[in-house]
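# Inside the fold
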Amino acid sequence: MGEPGWRRLVLALAFCFVVGLDQVGPVHAQFQSFRVAPNDTTVIQGDNVILPCAVDNIQGALQWAKGGFVLGYDYSIPGFPRYTVEGNFGIGEYNMVIRDAKLTDDDEFQCQILPTSTHPLLQAIMWLTVMVPPETPVIVGYSNGSDVNVQQTTTEVNLTCRVDNGKPAPEVTWLKNNEPATELVQYSTERLSNKLINAKSIIALKPRREDNGAIYSCRATHKALRGRVLETYIRLSVFHPPDPPTITGYNQNDILRTGQTVTLQCTSVGGNPLAQVVWYKNDQQIDFSYTTGGNRAVNDLAFTVDSTDNNAVYRCEVTNVVHTLPMVASVTLKVYFSPEKVTINGHQNARAGETITLSCISAKSNPASVITWISRGRQLSGAVSAVVPSPEGGYITTSNISVKLTDQENNVVYACQGTNDQLGETTRTEVSLRVLYPPFPPTIEGYTENTSIRAGTIQKLKCLCMGGNPIATLTWWKGDKQMPAVDKSVGTIASSEISFIAKEDDNQASYRCNATNPATAEPLIVSVKLTVHFPPKSVTITTDPPVAKANEKLTVTCTSSSSNPASVIAWWKDGSVVKSIAAGVADAENGGIKTSNKLEITLSPSNDMDTYECQARNDVLAMTVHDAITLDVLFPPIFSGTPPQISVVEGEYVVTNFTGIANPPVTNYTWFKHGTKLKLSKLNLSRTRRDLTIAHFYAAGGVLNMTNVSRADKGEYRVEATNGQGIGKVNFTLDVQYPAAITKITTPVYADNGDTAFIECLAEANPVVPNMIKWSRAGYTMSPAKTRQVYGEGKSFLTVYNVSKHDSGAFVCTAQNGIGSSATKIAELLVKYAPEIDKSPMYAKAASDKGMTGKLTCRAKGVPVVEFTWLKGNTVLNTTHAKYRAVTKKIDTVTYESNLHVMNVSQSDYATYICKGKNALGEDQTSVSLDGTSKPDVPYNISVVAVNGHSVTLRWTPGFNGGLVTTFRVRYRALGTDASAFKYADTSSNNKFILTELSPNTRYEITVKAINKKGESTYQMKSIQATTKPEKTGQVILGINDSVVVILALSVSLSVIMGVTIVVVIFCIRRRRQRLRREQAASDAASSRNSSAPANTIEMYAPSDRPLYPNGGTYIDDQSYNTYDKNMDDFATDSYRSFDDDEDVKRVFLPQPPNNPQAQRYTPAPRSSPAVDTQRTFMVPENPNSPGEFISPPRGTNARPYVGNDTDNRYYAEQLRQNQLQRSLGAVQPDLVRLTPTKTPTLPPNHPLSQSQRSLGTIPQSPAHHPSIVHKVSGANPNMPIFPPQHPSIIHDKVSGPANILPIPARNYATHEMPPSTVSVPAIPRRITTSGTTDMRPSSRPPTPPVRTAQSSLEMRGHLV
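Residues numbered from 1 in each chain as written. Predicted model: local features only at pLDDT ≥ 70, side-chain atom pairs only at ≥ 80, totals over all residues. Heavy atoms only, no water.

## Remarks on the pairing of strand β66 (residues 703-706)
In β66, alternate side chains face the same way, and those of Val-703 and Asn-705 on one face and Leu-704 and Met-706 on the other are all buried. Where strand β60 (residues 654-657) and β66 come together, four bridges link them in antiparallel fashion. Each bridged residue has a counterpart across the sheet, and for Val-655 the counterpart in β66 is Asn-705. Direction of pairing for strand β65 (residues 697-700) relative to β66: antiparallel, over a ladder of four bridges. Bridging from a neighbouring strand, Tyr-698 pairs with Asn-705 of β66. If you look at the hairpin formed by β65 and β66, you'll find two residues sitting between the two strands, and Gly-701 has a positive phi there, around 65°. (Buried < 20%, exposed > 50% of the residue type's maximum accessible area, 1.4 Å probe, protein only. Helix = DSSP H or I, 4+ residues; strand = E, 2+ residues; numbered from the N terminus. Pairing = 2+ DSSP bridges.)

Take a look at the structure:
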């Protein structure tokens, strides 16, 4: 049964029930009835509607119902804001008014008048229909106004129009060009669950060509639209092919001439869409640009006729999407053209008496051209002509003529002309015939054989040759390679000059000059052989055996490359010449000689990473070349200076470096504890400190990371390092320190009165320190007469003499060894005595109301344990019975309390109870009376605890509380005042209270009474007196609230003062910085005015007499170079770009090697070379009296600063060279590098320098390789373990002098200021990468002002400061 059905059933049953009631009541003549009954009504959604209902003789209550749901008697109809019942109720009008009708209002409505005892039920039913206008029509698949493309060949096209969400269903019609459509139309509707209806209309079309452009409209009408029409439309586009194309602008068989302008027009009419029109020439597309308009598409092709258009086919193709097979129209052009040129072939030069044949060929021509020969102004006869078709169209004419040369034929002109008779156009060309004869032999100037020239100098050779027709052609050759030359001629003399830089391969090389002309059967040749002196280009270093091992002999051989004359070899180490053995000379390439020299070394581990430099010198040229080798000495692992013992606090962590020094690197570390091999986890260096504390022991190579160390870890350890050369071992002890912990204490200790008590406390700790254990007790005097403490190894004894019950209590044993926090434990001393029961009034009574539980308290002191017994009269109570329950507890070491609980108190329980306390030494008893609750007893023992200027602290002992919760009232007044001056203060505190807001220096009378709900006690008759303290002069005595205010005020004042202080300090610092800048600027300006040479200049020196910039065999050794010019920009790095605006910064140029070695003009040592420190930044002052500054290097670099002034340049030059002391870890010891302006460097007093080293200012070899040393490295993470790098293998390097030479401060230097060239400098324990260079030591000539020179193409290495 549907919802309306059951609603109607309910209403019918209700009606029958009312009617039945009416039947049993009295009958009246006139019943209530409808004057106007509601009828079915229609409304448009959103409008207002009135449902009428008028009743005559209304007796019952009236209400409206909607869909079977009654809306109630409230005519405002709660819950339905749009519904109201309106009308003239006095005459029975009860109209339902619905505003803004909605689809939910579409329902059944009833006007009901309920029955009375004399009137039956009255109801009228009507249906309200809500009309909803539909949505705008939609043609499915197409937007409004869009085109619908269809093929003409399509059999049928269906258009579907939807008009949704209307009520009732709308009417839908189709129109074609605003006329009713005659095609077949299908209409259907779909009813939705929300009472709305969707309408659909489908029209079937059969498109034809004439339907193209037709407009089909879908129109919807509906009553709710109030006469409006909803409409949408589409435009039908019927695709169909165009008409065949037509060509205009040329008539077949017309003759065109080259250069003529022709326009061909191709037109296509009709088609949908309009056609594409494309031009082709000889099947090649040439034009796709067409225009459309109206009903046609046009492509105009305009061009200038040339010879290629002869017999060319111009084709026009027309297509569209319907007709994809092109429709074609074409024309073939006919073009006349003359030859563009004529060409004469054949020899034009010959000896007298020879006959030559000249051939003249015309370019294509239409019709064929006629060729004529002309010489000396007349036409020649005897020519033979031929005509052939040209593949490109037209014809080619060829004419041959023979000419015999005589001595008179030299430079006679022969002309050939081709004529197109149809066009009357002629083309001409001509040649000159010459008679040939040879030149005289050539000669060479500019060099005399067997004289020597220097490699790198410019050499010029000139070749001269006279006579010949034509004059001679000269060419220079070196071997089979022709050389570029500068050729000139004057009259019948030809010259050719070459200029080149003499090189090594020019030694004994032959340069020849060839002279030729057409009359020479073979070239005329002259040559010269050169002698060139050149230095060696390189040295080659080899080792025997190839692999160097400790305790073996190693032979290092250095062989120079070819040199003329032979070079001399010397070995250098650490800036000093090393004794070596000559190994002979041998012939080499380019006619030079190679020289060999060798070193013999007995190796030890200390030789690893030693660098030996080989120098080959050509004495004649005073030029040298260098190479270096860094020894890679293999040796088993060794340990140096490792700590024999490691101490660590338990629970903490320690990272210890046991990295062995070995070559090759250590491959494995094995760890042992007490001889047993350990398994350790690998250390993950990416872990944080927090992660490390989770684990235990980790190992990463030779670094042992011990986390969360426990005392079980202590013991003897051994680490073994292994590489391919053997095993190295080292032992160490792990000492785990931990705080003291008390392991045993004697407690409790019982003693009889007068005895001596002994208490023992034992503790475990590492380390165990003297007096580690101490005894104490709060409020107890530990006098020597009473107590004695004796401390032994980890234990302490406390002796207490002549003990009494007052000595009973807790003694505290405290153990502290300086590690962590102290440990404490309590020992109880219990002196035996018989029980003593507290007979205070507060325990003498107990109270409870009937039916409640009474609680009696008995408290006693005694040792040993006091046991309690309760009696009522003479009867011992059974405290396990349901009536009584006793609970005993220990209050402190000697105090015990027993509480007797009397359940369900009755009148008979009100009595006196006996409490007995007993132990082994005796007993005591007291009586406790139980009574009903009452008012409390008077407090007693009132006392003053503390007195202030405005307060008094009181303490009292409460009396019996009457069995109820008790409060207390304090009464007080100033002495000398009457009773009306009493003041009162209440408190819930049981025995303590602070009276406040008192007057200073005043005596008060004070007393207390107790209060509970049963009443009040009297005030304690024995009042006390207290005098507040007087105020001090100039001091205000404040209360608690005032103190808080003062504290806050002081805090705010201090904050303000601190803020002002910070601002003043910042201001002073900034003022000081500004003043220093001004002073520095003034100093720099004065230095600039007083300086005789430009600032920021450098000199580079090395310990030999090799030139700085070789160029053409000569060099300049007394020049300074400006530090910064635009040619150096390419070498800039980010580490100093930020300082470019600071004129005082001396920049460091350490460029990356260029990718193209051939284009390299200047190549310092690569950054990867150990010979070159990682980038450093130095700032040297221009003012000699001002101190230098250090610019911090980038993080993670091993930079070492230059600090000091420029007062003694010889000292600083030496110190900067000594600054190259970085070992395999790249560590820097800051205390070794600070320079002072004195003659001798300032070093720590305990630094391990010998006296000779101190006097020379040299610094010993850095111990940075030591595995156990913790280094201070810029940018290093202090939380990470330090790992020494692996030793590199042997490599060969080209160096610019000894690798440990560093730059000196920027200025010009005289010879006496420079250090000796053989200063002993510690070797650099690094690899040295190769970069060939020349010597950089200055000559003895005095310095000159800076001169810019071109950079050499040779490689150099050094530090630019």
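## A word on the sheet that holds strand β89 (residues 992-995)
Here we have three strands laid out as an open sheet, ordered β85-β86-β89, and antiparallel in their pairing. For this open sheet the edge positions go to β85 (940-947) and β89, each flanked by a neighbour on one side alone. Sheet twist, expressed as the mean angle between neighbouring strand axes with direction ignored, is 25°. (Axes fitted to C-alpha atoms, helices over the stretch in contact; angles between N-to-C directions.)

## What about the nonpolar core?
Trp-775, Val-800, Phe-811 and Leu-829 are the most contacted members of the largest nonpolar core, which totals 24 residues. Elements with a minimum of two residues in this core: β68 (726-745), β69 (749-751), β70 (757-766), β71 (773-776), β73 (795-800), β74 (809-815) and β75 (823-831). If one sorts the elements of this core by residue count, β70 sits on top with five residues. The contacts of Val-800, once residues within four sequence positions are left out, are Asp-755, Thr-756, Ala-757, Tyr-780, Lys-786, Thr-787, Phe-811 and Leu-829. (Core = buried A, V, L, I, M, F, W, Y, C linked by side-chain atoms within 4.5 Å. Contact = heavy atoms within 4.5 Å.)

## Focus on the state of the cysteines
Evaluated as defined, the whole model comprises eight disulfides. Each sulfur of the disulfide joining Cys-161 and Cys-218 lies 1.8 Å from the other. Where Cys-161 bonds to Cys-218 through sulfur, the torsion about that S-S bond is close to -85°, and the disulfide is left-handed. Of this pair, Cys-161 sits in strand β13 (residues 157-166) while Cys-218 sits in strand β18 (residues 215-221), and the two are 57 residues apart along the sequence. Looking at Cys-161, the relative accessible area reads 0%, which means it is buried. The exposure class assigned to Cys-218 is buried, which follows from its relative accessible area of 0%. The disulfide that involves Cys-858 links it to Cys-915, with 2.1 Å between the sulfurs. What sets the handedness of the Cys-858 and Cys-915 disulfide is the S-S torsion sign, and at about -85° it is left-handed. Of this pair, Cys-858 sits in strand β78 (residues 854-863) while Cys-915 sits in strand β83 (residues 912-919), and the two are 57 residues apart along the sequence. On the basis of relative accessible area, Cys-915 is assigned to the buried category, the value being 0%. (Disulfide = S-S within 2.5 Å.)

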